[in-house]
Amino acid sequence: MALYPFTAIVGQSEMVRAMLIATVEPALGGVLAFGDRGTGKSTAVRALAALLPTMRAVAGCVYHCDPSDRAALCPDCRTRRAAGRLPAERVAIPVVDLPLGATEDRVVGALDLERALSDGVKAFEPGLLARAHRGFLYIDEINLLEDHLVDLLLDVAASGENVVEREGLSLRHPARFVLIGSGNPEEGELRPQLLDRFGLCVEVKTPTDLDQRIEVVRRRDAFEHDRRGFMARFAPSEAALRRQLVDAMRILPLVVVPDAILRRAAQLCLQLGTDGLRGELTLLRAARAEAALEGACEVSEAHLRAVAPAALRHRLRRDPLDESLAGARVERAVSELFAPSAVAA
């Protein structure tokens, strides 16, 4: 099935950039896109799936383990490695949908009833968490997700493992993924514990520029009438962005964060009163990924400023004396902190 090209998305620059940053740096914790209905949130996630480069995985492994990462191998791959060398293949980075109505068995996995009945063997049938390992797990309308599934996701996100203790099964397998959630805040708020797990939070708004709205409709209509021709039109830009992602992933470990940038990140979080130290860590990781996407070998203040709203807007305490939107409060603090007089000080 043909997917809408990622580079054909009009506007929504903050959401698009956040997804690219999370792709380059999976340790960020994912992206939450909150905003109006019909603004391209789901389209962007599915378009990202077609854009992603391939990855190296153990051939035949249901968890597509990385053969070079011995510590993160699943039990089957450990056994196979002990018996000999692990065969490798290139596979697509998974992007898995977690529907709101999914049962816990479908999410975490369960006993393979067919094999149990036919062969009398207790075998594990992997769930959505297994399929999403080393990829992306996408939840639309995440603010409507049932509480028991939210608790499950929190446990897996914290440990990087899915532990299954049910129906006579007792096993654990790696489950590290980039969580992408989308929703409309008018339909309900997200639990604070889950909100804090997202590295970046972006506000998605209906475009108000007339020309931009026309271009969105024009491109969508062209895609629906001639998908093959539309995709061919954007194939060069898709290939160029894919190469940019691959280069950014390669140079990311080499990007340097100067002490002055670390100090600025800590000052910003102090000024905004964020809880804990996750704000600083997220700021640095996001700024490093932003620098890598630009091909820079060192993080600058410009990189820090670019990612600050998405990294911090969901970490602010409510201020009854300041009714400004969270994003506006972050931008105001950034402007004050990075003003010429403040920088000189």
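For the structure given in this document, a descriptive report is provided here.

About the cut-offs
Residues numbered from 1 in each chain as written. Predicted model: local features only at pLDDT ≥ 70, side-chain atom pairs only at ≥ 80, totals over all residues. Heavy atoms only, no water. Helix = DSSP H or I, 4+ residues; strand = E, 2+ residues; numbered from the N terminus. Rg over C-alpha atoms; globule rule 2.2 N^0.38 Å. Buried < 20%, exposed > 50% of the residue type's maximum accessible area, 1.4 Å probe, protein only. Contact = heavy atoms within 4.5 Å. Areas by Shrake-Rupley, 256 points an atom, 1.4 Å probe, with all protein chains shown as cover. Lys, Arg positive; Asp, Glu negative; His and termini not counted. Charge placed at Lys NZ, Arg CZ, Asp CG, Glu CD. Axes fitted to C-alpha atoms, helices over the stretch in contact; angles between N-to-C directions. Parallel < 35°, antiparallel > 145°, perpendicular 65-115°, else oblique. Left-handed = near helix turned anticlockwise from the far one by under 90°. Nonpolar A, V, L, I, M, F, W, Y, C, P; charged D, E, K, R; others polar. Phe/Tyr/Trp six-rings, centres within 6.5 Å; stacked < 30°, edge-to-face > 60°. Pairing = 2+ DSSP bridges. Salt bridge = Lys/Arg side-chain N within 4 Å of Asp/Glu carboxyl O. Core = buried A, V, L, I, M, F, W, Y, C linked by side-chain atoms within 4.5 Å.

Examining the overall build of the protein
No. 1: Broken down by element type, the protein carries 15 helices and 11 strands.
No. 2: A compact globule built from 345 residues should have a C-alpha radius of gyration of about 20 Å, and the protein, at 21 Å, falls within 12% of that.
No. 3: With 345 residues in all, the protein has 46% of them scored as buried.
No. 4: Sequence separation of at least 24 residues holds for 74% of the intrachain contacts in the protein that already meet a minimum separation of 6.
No. 5: Split by element, the accessible area of the protein, about 17500 Å² in all, is 52% carbon and sulfur.
No. 6: Considering the protein, the positive charge centre built from 44 side chains and the negative charge centre built from 48 side chains are found 5 Å apart.

Details of the packing of helix α1 (residues 13–24) against helix α2 (residues 41–51)
No. 1: Between α1 and α2, the least distance of the axes is 11 Å, while the angle of their chain directions is 40°. The pairing of α1 with α2 is recorded here as oblique in orientation. Between α1 and α2 lies a crossing whose hand is right-handed. Residues Met15, Met19, Leu20 and Thr23 of α1 lie in contact with α2, whose contacting residues are Lys41, Ala44, Val45, Leu48 and Leu51.
No. 2: The residue inventory of the contact of α1 with α2, partitioned by class, reads seven nonpolar, one polar and one charged.

A few points about the packing of aromatic side chains
No. 1: Summed over the entire model, instances satisfying the criterion amount to four aromatic pairs.
No. 2: A centroid spacing of 5.1 Å and a plane angle of 75° characterise the contact between tyrosine 4 and phenylalanine 223, whose relative ring orientation is edge-to-face. Here phenylalanine 223 lies in helix α9 (residues 210–225) and tyrosine 4 lies in the segment before α1, a separation of 219 residues in the sequence.
No. 3: Owing to a relative accessible area of 1%, phenylalanine 223 belongs among the buried residues under this scheme.

Concerning the packing of helix α11 (residues 259–272) against helix α12 (residues 278–293)
No. 1: Closest axis-to-axis distance for the α11/α12 pair is 9 Å, and the angle between their directions is 135°. If you check the angle between α11 and α12, you find them oblique. Classified by chirality, the crossing of α12 by α11 is right-handed. On α12, the residues touching Ile261, Leu262, Ala265, Ala266, Leu268 and Cys269 of α11 are Gly279, Glu280, Leu283 and Leu284.
No. 2: Class assignment of the residues belonging to the contact of α11 with α12 gives a composition of eight nonpolar, one polar and one charged.

Some details on the pairing of strand β10 (residues 178–183)
No. 1: Across the six residues of β10, six count as buried, placing the element largely inside the fold.
No. 2: Taking every second residue as pointing to the same face, both faces of β10 are buried, with Val178, Ile180 and Ser182 on one and Leu179, Gly181 and Gly183 on the other.
No. 3: Note: strand β1 (residues 31–35) against β10, four bridges, orientation parallel. Each residue of the ladder has a partner; that of leucine 32, found in β10, is glycine 181.
No. 4: In terms of strand pairing, strand β7 (residues 136–140) meets β10 through five bridges, oriented parallel.

Considerations on the pattern of salt bridges
No. 1: Under the definition given, this model contains 15 salt bridges.
No. 2: Arginine 219 serves as the salt-bridge partner of glutamate 215, at 2.8 Å between the closest nitrogen and oxygen. With glutamate 215 and arginine 219 both in helix α9 and four residues apart, this pair spans about one turn of that helix.
No. 3: Overall, the relative accessible area of 17% leaves arginine 219 in the buried class.
No. 4: When the shortest N-O distance is used, the salt bridge between arginine 264 and glutamate 301 registers 3.6 Å. A residue pair is termed long-range when its members are at least 10 positions apart, and arginine 264 in helix α11 and glutamate 301 in helix α13 (residues 301–312) qualify at 37 residues.
No. 5: Bridged by salt links that share partners, the residues Glu14, Glu203 and Arg313 form one connected network.

Re the nonpolar core
No. 1: One finds Phe6, Leu200, Leu268 and Leu283 to be the most contacted residues of the largest nonpolar core, which totals 67 residues.
No. 2: One finds Leu32, Val107, Leu129 and Leu149 within the second-largest nonpolar core, a separate group that totals 27 residues.

Just distances and angles here, no functional claims.
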